[in-house]
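# Descriptive analysis of the structure
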Amino acid sequence: MSLKEVLQHYLDHRHEVLINRTKHRLDKIASRLNLLHGYLIAHLNIDEVIHIIREHDDPKPELQTRFKLNEIQAEAILNMRLRALRKLEEIQIKQEISDLETEQTQKEALLQSETKQWSTIKKEVQTLRSTFEKLPSGQRKTAIHGAIDFIEITAEDFIEKEPITVILSQNGW
């Protein structure tokens, strides 16, 4: 395998990692935004939410129907301590929502643009280079050599050869 092929495989791998990492982060952002929208609704209607939680035996469906919350949002509100529910600040929630939506827009734009993806990979590789250039004399810690010869390994190679003793009784046991 030539050096060019190795580099191409490495860059393809970095591209795949970037895509997967971005998709994973988008999933996390969507999940957090879902919770924050539920928290915002709870904050704006805090007295009613507390009343529902205290008065109803099963407040989850009541919260879902009254405030049009999904199951995850209702569960998150019910799992939150009342003290924490009171301390929710609308400004902080809205700021976090804004920040996450901005990040979400950036990540979606990254997934849409091949140019942005390769630009990001270029920056990451440059960061790696600057990190590893600091090694003594700029030398690598490992050496890259040609491919090793193919060695065929069979299942018998894994069987350890050791002496055993077999005892047979008169009854065949």
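Residues numbered from 1 in each chain as written. Predicted model: local features only at pLDDT ≥ 70, side-chain atom pairs only at ≥ 80, totals over all residues. Heavy atoms only, no water.

### Section: a nonpolar patch on the surface
- Taken together, Met1, Leu3, Val6 and Leu7 make up a surface patch of nonpolar side chains, about 430 Å² in accessible area.
- Locating Val6 in the fold gives a position in helix 1 (residues 3-44).
- With relative accessibility at 38%, the residue Val6 sits in the partly exposed group. (Patch = residues over 30% accessible without salt bridge, like charges linked within 9 Å, V, L, I, M, F, W, Y side chains within 5 Å. Areas by Shrake-Rupley, 256 points an atom, 1.4 Å probe, with all protein chains shown as cover. Salt bridge = Lys/Arg side-chain N within 4 Å of Asp/Glu carboxyl O. Helix = DSSP H or I, 4+ residues; strand = E, 2+ residues; numbered from the N terminus. Buried < 20%, exposed > 50% of the residue type's maximum accessible area, 1.4 Å probe, protein only.)

### Notes on the pattern of salt bridges
- For the structure shown, the criterion picks out 9 salt bridges.
- Between Glu48 and Arg66 there is a salt bridge, with the nearest N and O atoms lying 2.5 Å from each other. You can see Glu48 sitting in helix 2 (residues 46-55) and its partner Arg66 sitting in helix 3 (residues 59-67), a full 18 residues away along the chain.
- Residue class for Glu48 comes out partly exposed when judged on its relative accessible area of 31%.

### Digging into the nonpolar core
- Of all hydrophobic cores here, the largest spans 19 residues; its most connected members are Tyr39, Leu63, Ile77 and Ile93.
- Taken together, the elements giving at least two residues each to this core come down to helix 1, helix 2, helix 3, helix 4 (71-79) and helix 6 (90-112).
- Of all the elements, helix 1 adds the most residues to this core, at 7 residues. (Core = buried A, V, L, I, M, F, W, Y, C linked by side-chain atoms within 4.5 Å.)

### Some words on the side chain of Gln73
- For Gln73, the position within the fold is in helix 4.
- Here Asn34 takes part through its backbone oxygen, which lies 2.7 Å from a polar atom of the side chain of Gln73.
- Apart from residues lying up to four places away in sequence, Gln73 is in contact with Asn34, His37 and Gly38. (Polar contact = N/O pair within 3.5 Å; in protein donor to acceptor, adjacent residues only side chain to side chain. Contact = heavy atoms within 4.5 Å.)

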